[in-house]
Amino acid sequence: FLKLNRTNLGTKVVLEHVFMELQKKLRPRMSLEIGAHRAEFSQNMRALFPDIEVVAFEASPLVYEHYKASEDFEGKRISYLNMAVSDVNGCIPFNVLTENQGISGRSSLQDRRDTPGKKLEVPSVNGDSFLKDC
């Protein structure tokens, strides 16, 4: 018996599997990954659905540059964008953590006062604005 809770690794695996199985039933026309890091979800969606539009948003310039250089997003037909998704069209403050040479998956729009980092301005798009023409 697998106890399902947010801190259980088994829960994460089961929920990811269930979610991906649900996607097969729903057959989406588009996939958006917000806070993509290396865009694993987007890559999984591309593998499942070769013909949908796949967009991965990564706000951290350090993370974006790192993975843009090491992954073939164009060849995989994934739009990997260096921008935040928020309620703002323009630029917003973003907290880049200095752990792991700035490639941390914990950088955030939220303040992280307990972890060393620096604040940068990053491009941002409102989700409704981005999807307006879709």
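Here the structure is shown first, and the text comes after it.
As the structure is a prediction and not an experimental result, all values here were calculated from the model. (Residues numbered from 1 in each chain as written. Predicted model: local features only at pLDDT ≥ 70, side-chain atom pairs only at ≥ 80, totals over all residues. Heavy atoms only, no water.)

Things to note about the sheet that holds strand S2 (residues 53-57)
Two orientations exist for strands paired in a sheet by backbone hydrogen bonds: parallel and antiparallel.
Thought 1: Spatially, S1-S2-S3 is the arrangement adopted by the three strands of the open sheet, whose pairing is parallel. Pairing within the sheet leaves two strands with one partner each, and these edge strands are strand S1 (30-34) and strand S3 (79-81). Here the average twist between neighbouring strands, direction ignored, is 15°.
Thought 2: By the bridge criterion, three bridges tie S2 to S3 in an arrangement that is parallel. Residue pairing in the sheet places Val 55 in a bridge with Ser 79 of S3.
Thought 3: Helix H2 (residues 40-48) contacts S1 and S2 of the sheet and is inclined by roughly 165° relative to S1. (Pairing = 2+ DSSP bridges. Helix = DSSP H or I, 4+ residues; strand = E, 2+ residues; numbered from the N terminus. Axes fitted to C-alpha atoms, helices over the stretch in contact; angles between N-to-C directions. Contact = heavy atoms within 4.5 Å.)

Looking at the nonpolar core
Thought 1: The biggest cluster of nonpolar side chains holds 14 residues, and the ones touching the most others in it are Ala 39, Ala 56, Phe 73 and Tyr 80.
Thought 2: Elements that contribute at least two residues to this core include exactly S2 and helix H3 (61-70).
Thought 3: Per-element accounting of this core gives the leading share, three residues, to H3.
Thought 4: If sequence neighbours within four positions are ignored, Ala 56 has contacts with Glu 33, Ala 36, Ala 39, Ser 42, Ile 78, Ser 79, Tyr 80 and Leu 81.
Thought 5: Listed in part, the six residues of the second largest apolar core include Ala 59, Ala 84, Val 96 and Val 122. (Core = buried A, V, L, I, M, F, W, Y, C linked by side-chain atoms within 4.5 Å. Buried < 20%, exposed > 50% of the residue type's maximum accessible area, 1.4 Å probe, protein only.)

Examining a nonpolar patch on the surface
Thought 1: Together, Phe 19, Leu 22 and Leu 26 line one region of the surface with nonpolar side chains, adding up to about 290 Å² of accessible area.
Thought 2: Inspection of the secondary structure puts Phe 19 in helix H1 (residues 9-26).
Thought 3: Given a relative accessible area of 40%, Phe 19 falls into the partly exposed group. (Patch = residues over 30% accessible without salt bridge, like charges linked within 9 Å, V, L, I, M, F, W, Y side chains within 5 Å. Areas by Shrake-Rupley, 256 points an atom, 1.4 Å probe, with all protein chains shown as cover. Salt bridge = Lys/Arg side-chain N within 4 Å of Asp/Glu carboxyl O.)

Topic: H1
Thought 1: Look at H1: 26 Å from first C-alpha to last across 18 residues, which is about the 26 Å you get at 1.5 Å a residue.
Thought 2: Looking only at H1, the buried set comprises Thr 11, Met 20 and Gln 23. Around the axis of H1, the buried residues are gathered within 155° of arc, so they sit on the same side. When the buried face of H1 is taken as reference, the exposed residues oriented beyond 90 degrees from it are His 17 and Lys 25.
Thought 3: For H1, the elements touching its buried residues are H2.
Thought 4: Where H1 ends, the next residue or the one after it, Arg 27, has phi of about 50°, a positive value. (Expected span 1.5 Å × (residues − 1). Arc of directions from axis to C-beta.)

So, the sheet that holds strand S6 (residues 117-126)
Thought 1: Reading across from one edge, S4-S6-S5 is the order of the three strands in this open sheet, with mixed pairing throughout. Sheet topology places strand S4 (84-86) and strand S5 (90-97) at the edges, where each strand pairs with a single neighbour. On average, each strand axis in the sheet is tilted by 50° relative to the strand beside it, whichever way the strands run.
Thought 2: Inspection of the sheet shows S5 paired to S6 by eight bridges, in the antiparallel sense. Its bridge partner lying in S6, Cys 91 is registered against Pro 123.

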